[in-house]
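Observations on chain architecture
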Amino acid sequence: MRALNLITLFLVIVGGLNWLLVGLFEFDLVAALFGGQDAAVSRIVYVLVGASAVWQLMPFIKAMSVGETAAEANIGHHHR
């Protein structure tokens, strides 16, 4: 499960960076790498990024239900 969370988090970050490039420079890196927005591989990447965002909703909702994110919970706490 941890590996799947890391993979989906990575894909969400890739998607976010791609949107940053689209917003700043009108450059879609995924489309450029895989043959355009309509190319099958590009569409697969877009679907995987979107599905990863849906998957990442689960830990986000869980973190919100306890009132803090996991990252905030660990700030300043060093485990020895």
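Predicted model, so just to flag it, every value in this text is computed and none were measured.

**A word on the overall build of the protein chain**
A tally of helices and strands in the protein chain yields four helices and zero strands. Reading the protein chain from its N end, one meets helices and strands in the order α-α-α-α. In the form shown here, the protein chain has an accessible surface area of approximately 6400 Å², with 71% of it arising from carbon and sulfur atoms.

**Things to note about the side chain of Gln56**
Examined against the element boundaries, Gln56 turns out to sit in helix α3 (residues 40–65). Not counting residues within four places of it along the chain, the set of residues in contact with Gln56 comprises Asn5, Thr8, Leu9 and Val12.

**So, α3**
With 26 residues, α3 should cover 38 Å at 1.5 Å per step; its first-to-last C-alpha distance of 38 Å lies within 8% of that length. The set of residues buried in α3 consists of Ser42, Val45, Val49, Ser52, Gln56 and Ala63. Phi turns positive one or two residues past the end of α3, at Gly67, with a value near 95°.

**Brief notes about the packing of helix α1 (residues 2–25) against α3**
At their nearest, the axes of α1 and α3 sit 8 Å apart, and the two run at 120° to each other. In terms of axis orientation, α1 runs oblique to α3. Handedness of the α1/α3 crossing: left-handed. The residues of α3 that touch α1, namely those facing Leu4, Asn5, Thr8, Leu9, Leu11, Val12, Gly15 and Asn18, are Tyr46, Leu48, Val49, Ser52, Ala53, Trp55 and Gln56. Among the residues forming the contact of α1 with α3, the class breakdown is nine nonpolar, six polar and no charged.

**Structural notes on a nonpolar patch on the surface**
On the surface, Leu9, Ile13, Leu17, Leu20, Leu24, Phe25, Phe27, Leu29, Leu33, Phe34 and Val41 cluster together into a nonpolar patch covering about 1000 Å² of accessible area. At the level of secondary structure, the elements contributing two or more residues to the nonpolar patch comprise α1 and α2 (29–34). The element that contributes the greatest number of residues to the nonpolar patch is α1, accounting for six residues. Mapping Val41 onto the fold places it in helix α3.

**Focus on α1**
In this model, α1 (24 residues) spans 34 Å end to end at C-alpha, consistent with the 34 Å of a helix rising 1.5 Å per residue. Positive phi appears at Glu26, one or two residues downstream of α1, with a value of about 55°.

**So, the side chain of Ser52**
Along the chain, Ser52 turns up in helix α3. Residue Ser52 is classed as buried on the basis of its relative accessible area of 3%. For Ser52, the side chain forms a polar contact with the main-chain oxygen of Leu48, separated by 2.7 Å. When near neighbours in sequence (up to four residues on either side) are disregarded, Ser52 contacts Thr8, Leu11 and Val12.

Reading the values: the criteria
- Counting restarts for each chain: residues are numbered from 1 in the order of the written sequence.
- In keeping with the model being predicted, local features are shown solely for residues with a pLDDT of at least 70 and side-chain atom pairs are shown and tallied solely at 80 or more, while totals for entire chains, interfaces and linings include all residues.
- The basis for the side-chain values is all heavy atoms of the structure; hydrogens and waters are excluded.
- The secondary structure listing takes helices from DSSP runs of H or I that are at least 4 residues long and strands from runs of E that are at least 2 residues long, numbered from the N terminus.
- All accessible areas in this document rest on Shrake-Rupley with a 1.4 Å probe, and a residue is counted as covered only by the protein chains that are shown.
- A contact between two residues is defined here by any heavy atoms of the two lying within 4.5 Å.
- By this rule, a helix spans an expected 1.5 Å times one less than how many residues it contains.
- Exposure classes here rest on a 1.4 Å probe applied to the protein chains alone. A residue is buried below 20% of its type maximum, exposed above 50%, and partly exposed in between.
- Here an axis means a line fitted to C-alpha atoms, over the contact stretch when the element is a helix, while the angle between two N-to-C directions is reported on a 0 to 180 degree scale.
- The labels follow the angle: roughly parallel below 35 degrees, roughly antiparallel above 145, roughly perpendicular from 65 to 115, and oblique for the rest.
- Left-handed is the label given to a crossing in which the near helix is rotated counterclockwise from the far helix by less than a right angle, and right-handed is the label when the rotation is clockwise.
- Polarity classes work like this: nonpolar for Ala, Val, Leu, Ile, Met, Phe, Trp, Tyr, Cys and Pro, charged for Asp, Glu, Lys and Arg, and polar for all others, with Gly in that last group.
- Residues forming no salt bridge and having over 30% relative accessible area are the ones grouped into patches, like charges within 9 Å of each other and nonpolar side chains (Val, Leu, Ile, Met, Phe, Trp, Tyr) within 5 Å.
- One speaks of a salt bridge when a side-chain nitrogen belonging to Lys or Arg is within 4 Å of a carboxyl oxygen belonging to Asp or Glu.
- Counting of polar contacts relies on pairs of N or O atoms within 3.5 Å, with two restrictions inside protein: one atom must be capable of donating a hydrogen and the other of accepting it, and residues adjacent in sequence are counted only when both atoms are side-chain atoms.

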